[in-house]
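Residue strings, one per chain:
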Amino acid sequence: MNNQCLCGKKIPFLQCCEPYLKGTAIASSPEELMRSRYSAYALGGYGEYLLKTWFPPMSSGMTAAELSKRTQQWLSLEILGSGSKGPDGWVEFKSIYQVKGVNSVMHERSIFSLIDGRWLYLGGEVSYNR
Ligand SMILES: [Zn+2]
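About the criteria used
- Here the residue numbering is sequential within each chain, running from 1 through the sequence in written order.
- pLDDT decides what is reported in this predicted model: residues at 70 or higher carry local features, side-chain atom pairs at 80 or more are listed and counted, and totals for whole chains, interfaces and linings draw on all residues regardless.
- The side-chain figures draw on all heavy atoms in the structure; neither hydrogens nor water molecules are used.
- Coordinating donors are taken as N, O and S atoms within 2.8 Å of the metal, stretched to 3.2 Å for Na, K and Ca; because water is absent from the atoms, sites can appear incomplete.
- Tetrahedral means four donors with every angle between 85 and 135 degrees, whereas square planar (four donors) and octahedral (six donors) require angles over 155 degrees between opposite donors and between 65 and 115 for all others; sites fitting neither are termed irregular.
- We call a set of buried Ala, Val, Leu, Ile, Met, Phe, Trp, Tyr and Cys residues a nonpolar core when their side-chain atoms join them within 4.5 Å.
- Each residue is assigned to one of three classes by its accessible area relative to the maximum for its type, calculated with a 1.4 Å probe on protein chains only: buried under 20%, partly exposed between the two thresholds, exposed over 50%.
- Secondary structure counts use DSSP, requiring at least four H or I residues in a row for a helix and at least two E residues in a row for a strand, with both numbered from the N terminus.
- Contact criterion: two residues are considered in contact whenever any of their non-hydrogen atoms come within 4.5 Å of each other.
- Aromatic rings from Phe, Tyr and Trp, taking only the six-membered ring of Trp, are treated as a pair when their centres fall within 6.5 Å; an angle between ring planes under 30 degrees marks them as stacked, one over 60 as edge-to-face, and anything in between as tilted.
- Each ring is checked for a lysine NZ or an arginine CZ that lies within 6 Å of its centre and within 35 degrees of its normal; such an atom marks a charge sitting over the ring.

Enquirer: Give a description of the coordination of the zinc ion that names residues and reports values.
Expert: The coordination sphere of the zinc ion contains the protein donors Cys5 (SG), Cys7 (SG), Cys16 (SG) and Cys17 (SG), at a distance range of 2.2 to 2.3 Å. Considering all 4 donor atoms around the zinc ion, angles at the metal cover 103 to 116° and the coordination shape is tetrahedral.

Given below as structure tokens:
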């Protein structure tokens, strides 16, 4: 797949998020992890990856099969800010998605934690607006 990555970085998918989704590289920052998780949602079929990068107590009850479904079409990702301090990281982003032809904006501030050398998604504060 030579297309530009869906995460908005304007570089080819195979040089961007694909190595993370395939498990051949580990995201070195909360922002990289966030971008790769966005790509996983946008592409569909990467439920295993989403589970693997989710802090287990926060993802209990979710299945890879469910997370692999594309329930909406993700159109774009814009990172508003990100950072980390020791094992704590955050990313603030806006993404636009479409359900049944209607575009919506999701604005989230996500929290990440570095555990055993891997950044994991803990959760986020979300607000939605049209
Ligand atoms: Zn990417």
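Enquirer: Explain the nonpolar core to me, and be specific about the residues and the numbers.
Expert: Ranked by size, the top nonpolar core spans 27 residues in total, and within it Cys7, Met34, Tyr38, Leu77, Phe93 and Phe112 carry the most contacts. Elements with a contribution of two residues or more to this core: α1 (18–22), α2 (30–43), α3 (47–52), β1 (73–85), β2 (88–99), β3 (102–115) and β4 (118–129). Among the elements that take part in this core, α2 stands out by supplying 5 residues, more than any other. With residues up to four places along the chain from it excluded, the contact list for Phe93 reads Met34, Leu77, Glu78, Ile79, Leu80, Met106, His107, Glu108 and Ser110.

Enquirer: Tell me about the packing of aromatic side chains, and please be specific about residues and values.
Expert: Within the structure shown, the criterion is met by 4 aromatic pairs. Summarising the aromatic geometry, the rings of Trp54 and Tyr121 are spaced 5.3 Å apart at their centres and angled 70° between planes, so their arrangement reads as edge-to-face. Here Tyr121 lies in strand β4 and Trp54 lies in the loop between α3 and α4 (64–67), a separation of 67 residues in the sequence. Trp54 gets classed as buried once you look at its relative accessible area, which sits at 10%. In textbook terms, an aromatic cluster arises when at least three aromatic residues are bridged by ring pairs, as seen for Tyr38, Trp74 and Tyr97. Just above the ring of Trp54 sits the side chain of Arg37; from NZ or CZ to the centre is 4.6 Å. If you follow Arg109 out to its NZ or CZ, it ends over the ring of Trp90, 4.3 Å from the centre.

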